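# Structural overview
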Amino acid sequence: MFKKSLARAGATGVAFGALLAVGALAPAEAAPMSVSIDVVAHTAFDSTVNPFGGNIPGCETGTVAEGPSTTHFTSWGGVYTGVKEFTCAGGEGGVDVRLSAVFGDFGSRGKWHVLDGWGFLDGVKASGTLIGTATANGIDDRYIGSAR
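Residues numbered from 1 in each chain as written. Predicted model: local features only at pLDDT ≥ 70, side-chain atom pairs only at ≥ 80, totals over all residues. Heavy atoms only, no water.

### Details of the pattern of salt bridges
Counted under the stated rule, the structure contains two salt bridges. A salt bridge links R142 to D38; the shortest N-O distance between them is 2.6 Å. Of this pair, R142 sits in strand β8 (residues 138–147) while D38 sits in strand β1 (residues 35–44), and the two are 104 residues apart along the sequence. Across the salt bridge formed by K84 and E66, the nearest N and O atoms sit 2.7 Å from each other. A residue pair is termed long-range when its members are at least 10 positions apart, and K84 in strand β4 (residues 78–88) and E66 in strand β3 (residues 61–73) qualify at 18 residues. Classification of K84 as buried rests on a relative accessible area of 8%. Of the residues examined, E66 reaches a relative accessible area of 30% and is grouped as partly exposed. (Salt bridge = Lys/Arg side-chain N within 4 Å of Asp/Glu carboxyl O. Helix = DSSP H or I, 4+ residues; strand = E, 2+ residues; numbered from the N terminus. Buried < 20%, exposed > 50% of the residue type's maximum accessible area, 1.4 Å probe, protein only.)

### Details of the sheet that holds β8
With antiparallel pairing, eight strands are arranged side by side around a closed barrel as β1-β2-β3-β4-β5-β6-β7-β8. Between one strand axis and the next, the sheet turns through 30° on average, direction left out of account. In terms of strand pairing, β1 meets strand β2 (residues 49–54) through three bridges, oriented antiparallel. Directly across from V40, in β2, lies its bridge partner G53. (Pairing = 2+ DSSP bridges. Axes fitted to C-alpha atoms, helices over the stretch in contact; angles between N-to-C directions.)

### A look at the packing of aromatic side chains
Counted according to the given criterion, the structure contains four aromatic pairs. Here the aromatic rings of F86 and Y143 are separated by 5.1 Å at their centres, their planes lie at 90°, and the arrangement is edge-to-face. Of this pair, F86 sits in strand β4 while Y143 sits in strand β8; the two residues are 57 residues apart in sequence, bridging distant segments of the chain. The exposure class assigned to Y143 is buried, which follows from its relative accessible area of 4%. (Phe/Tyr/Trp six-rings, centres within 6.5 Å; stacked < 30°, edge-to-face > 60°.)

### Description of a nonpolar patch on the surface
On the surface, W76, V102 and F106 cluster together into a nonpolar patch covering about 290 Å² of accessible area. Within the secondary structure, F106 is located in the loop between β5 (93–104) and β6 (107–119). (Patch = residues over 30% accessible without salt bridge, like charges linked within 9 Å, V, L, I, M, F, W, Y side chains within 5 Å. Areas by Shrake-Rupley, 256 points an atom, 1.4 Å probe, with all protein chains shown as cover.)

See the structure below:
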């Protein structure tokens, strides 16, 4: 499985740690609490592992590794569908995220959702939108959404 091989290789990336702490402390009959997600992955086109930073307590920084993906180019830009592995700094947890996006001169726009979590992020559910802004050698992808 992609996430385990990268974790063993030392890749580190995204976090939704506050969610697990909230879930562990909430009564069983309580509705799940929603937490806002705002994470930016700084992707360089010449690298397969890149840094990220965000607002998730316990996982403010880490790395993003490219998983299985496909890219199709068109006359106006392209379409990307793939998996990104976010691992928190220190390797204590992370998530695999499925991303579908279109890209071009405007940057990128898309949707994402968590496929699987491990470590202290095991069982996390999250989804949202992506807005990418071109940089000198890549793109800054901003993942905005909510987790529970």
